Amino acid sequence: MGDLLWIFISALLINNFTLSSFLGICPFLGVSDRVDTALRMGLANIFVMLITAISAWALNTFVLIYAPYLRLISFIIVIASTVQFVEMVIKKFSPDLFKALGIFLPLITTNCAILGLALFQTTKEYGLVQSLFYALGGGGGMTLALVLMAGIREEARILDIPRVVHGTALSLIVAGILSMAFMGFAGLFSSK
Amino acid sequence: MNAIEQSGRAYQELIKGIWKENPIFVSVLGMCPTLAVTNSAINGLAMGLATTFVLIGSSLLVSLMRKWIPKQVRITTYIVIIATFVSTVDLTLEAFFPKIHKELGAFIALIVVNCVILGRQEAFASKNPPWLSFLDALGMSVGFIIALLMLGGIREILGNGSFFDISLFGSHFEPWVIMILPPGGFLLLGFLLLFFNWLRAVRLDRAKLEAEKVKVQHG
């Protein structure tokens, strides 16, 4: 149990996907101008990551031991099609949930955080339960970063900021400061 | 189209990626590998070369096959083509340059989802003949390498006091460790973009001033 908690906290805070591994920067810069959109994007991300964790685990266990060189291609195709399939199922059974998350799903499918999760879980040789906790932590960490960023950008809109700083430059500098703050979490498990 | 016009167009396609439409500084695409691997100049260069190979290879192939790829599944086809090239690079690096492969880690595999590459297939290679696509891919790659080298070089010089592993400042230099850590990547790229924005703003103001002067003289 302690092991699972460690995986979760580590992916959530210490090795935060966005702020310390640089995964999923595109949504982080693109969809972070309003808190509620950012939150929904984050939730959709967690959802896709959980699906990814399961599919990558299944592929690794049952298929790729026979053909490891097909890893990249099969990861991408299987993850993309599974997400599309689940999207259809959700659309049919829960239109409300689809409305909340739906538009983000195709955007996320080939996001580097998703493929990164599948690859990292392979190199770390996680089992199914460990992978699920890893996905939950990673997705949660991205949501946290997205919402924090969106909150800051909402505030920044009413501030008097020089014209040249607006846009991506501002977001990146804010991200740098956030990333510095997250470095503080590295001391969290110093006894480990 | 006569020969001069044609070579002029080819030149335009080649040159635009290097500065005017630089994938990183202007389009702000492909951020993940850009920030993650540029903690030293050599890593930036390795990543740039790997991306170049994938981009040129897949641009050529997509452009050759552009008439046969069905519209509905084009994105999937592009991704499969790109993933094939990336797998080649990944396995080659692992076999011949294990040290660099280890340092870049999963980010070699993540070239697949680099939006610069998919973007060029969708925006250019799928609509243009192979030789123009090749030039376009080459220009974009050179732009990408320049940006990666710039980021990697500055981060290595400030954060480690060296350039391509050659020590620059002697033993008295106190390295800015933050620059080779994740926050340094975000901050440096942020400040570089800021600098370019400022440059553009200054140039725009100057052009406006010139235009006004001309108007006054003629009026």
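This is a predicted model, so every value here is computed, not measured.

**Comments concerning the overall build of chain B**
(1) Moving on: Across its full length, chain B holds 10 helices and 2 strands.
(2) Moving on: In sequence order, chain B lays out its α and β elements as α-α-α-α-α-α-α-α-β-β-α-α.
(3) Moving on: Structurally, chain B occupies a C-alpha span of about 60 × 55 × 30 Å along its principal axes.
(4) Moving on: Classification of the 219 residues of chain B by burial places 46% in the buried group.
(5) Moving on: Counted over contacts in chain B with a minimum sequence separation of 6, partners at least 24 positions apart contribute 73%.

**Some thoughts on the interface of chain A and chain B**
How big an interface is tends to be reported as the loss of accessible area on association of its parts.
(1) Moving on: Across the contact, 36 residues belong to chain A and 34 residues belong to chain B.
(2) Moving on: Between chain A and chain B, a total of about 2,900 Å² is buried, with carbon and sulfur atoms accounting for 86% of that surface.
(3) Moving on: Interface area lost by chain A to chain B is led by F22(A), V164(A) and L172(A), which between them contribute 22%.
(4) Moving on: At the surface where chain A touches chain B, the tally comes to 0 salt bridges.
(5) Moving on: Put simply, chain A and chain B have 0 residue pairs in polar contact (both at pLDDT 80 or more) between them.
(6) Moving on: Counting only elements with at least two residues in the side of chain A that touches chain B, the list comes to α2 (25-30), α4 (71-93), α7 (112-123) and α9 (168-183) of chain A.
(7) Moving on: Per-element accounting of the side of chain A that touches chain B gives the leading share, 10 residues, to α9(A).
(8) Moving on: Broken down by class, the residue content of the side of chain A that touches chain B amounts to 24 nonpolar, 11 polar and 1 charged.

**Observations concerning a nonpolar patch on the surface**
(1) Moving on: Where nonpolar side chains cluster on the molecular surface, the patch consists of I42(B), F163(B), F164(B), I166(B), L168(B) and F169(B) and spans about 520 Å² of accessible area.
(2) Moving on: Owing to a relative accessible area of 43%, F169(B) belongs among the partly exposed residues under this scheme.

**So, the confidence of the model for chain A**
(1) Moving on: Averaged over every residue, the pLDDT of chain A is 85; the share at 70 or more is 94%.
(2) Moving on: When pLDDT is averaged over each helix and strand of chain A, the minimum, 71, is found for helix α6 (residues 105-109) of chain A and the maximum, 92, for helix α8 (residues 128-157) of chain A.

**A short note on the confidence of the model for chain B**
All names here are of chain B.
(1) Moving on: When pLDDT is averaged along chain B, the result is 87, and 99% of the positions lie at 70 or above.
(2) Moving on: At the level of individual helices and strands, chain B shows its lowest average pLDDT in helix α1 (residues 3-16), which scores 81, and its highest in helix α3 (residues 41-64), which scores 93.
(3) Moving on: Both scores are given for the predicted complex: the pTM is 0.86, the ipTM 0.85.

**A look at empty space enclosed by the protein**
The rolling of a water-molecule-sized probe over the atoms marks out the regions of remaining empty space.
(1) Moving on: Applying the stated criterion across every chain yields a total of 2 cavities of 30 Å³ or more.
(2) Moving on: There is about 50 Å³ of room inside the second largest cavity.
(3) Moving on: Every residue lining the second largest cavity is listed: C26(A), C112(A), G30(B), M31(B), C32(B), P33(B), F107(B), L110(B), V113(B), N114(B) and C115(B).
(4) Moving on: No other element matches helix α2 (residues 31-37) of chain B, which puts 3 residues into the lining of the second largest cavity.
(5) Moving on: Considering only residue class, the lining of the second largest cavity consists of 9 nonpolar, 2 polar and no charged.

**Concerning the packing of aromatic side chains**
(1) Moving on: For the structure on display, the rule yields 10 aromatic pairs over all chains.
(2) Moving on: Measuring from centroid to centroid gives 5.9 Å for W57(A) and F62(A), while their planes differ by 80 degrees, and the two rings are edge-to-face.
(3) Moving on: The class of W57(A) is partly exposed, set by a relative accessible area of 26%.
(4) Moving on: Accessibility expressed as a relative area gives 54% for F62(A), which makes it exposed.
(5) Moving on: Put simply, the rings of F25(B), F195(B), F196(B) and W198(B) pair up and form one aromatic cluster.
(6) Moving on: Across the ring face of F120(A), the terminal group of K124(A) is positioned such that the distance to the ring centre comes to 6.0 Å.

Conventions adopted
Residues numbered from 1 in each chain as written. Chains lettered and ligands numbered in written order. Predicted model: local features only at pLDDT ≥ 70, side-chain atom pairs only at ≥ 80, totals over all residues. Heavy atoms only, no water. Helix = DSSP H or I, 4+ residues; strand = E, 2+ residues; numbered from the N terminus. Buried < 20%, exposed > 50% of the residue type's maximum accessible area, 1.4 Å probe, protein only. Contact = heavy atoms within 4.5 Å. Buried area = accessible area lost by both parts, 1.4 Å probe. Salt bridge = Lys/Arg side-chain N within 4 Å of Asp/Glu carboxyl O. Polar contact = N/O pair within 3.5 Å; in protein donor to acceptor, adjacent residues only side chain to side chain. Nonpolar A, V, L, I, M, F, W, Y, C, P; charged D, E, K, R; others polar. Patch = residues over 30% accessible without salt bridge, like charges linked within 9 Å, V, L, I, M, F, W, Y side chains within 5 Å. Areas by Shrake-Rupley, 256 points an atom, 1.4 Å probe, with all protein chains shown as cover. pLDDT = per-residue confidence, 0-100. 1 Å grid on protein atoms, 1.4 Å probe; cavity = no way out; pocket = protein on both sides within 12 Å on 5 of 7 lines; lining within 4 Å. Points joined across faces, edges and corners; volume = space filled by probe spheres on them. Phe/Tyr/Trp six-rings, centres within 6.5 Å; stacked < 30°, edge-to-face > 60°. Lys NZ or Arg CZ within 6 Å of the ring centre and 35° of its normal.

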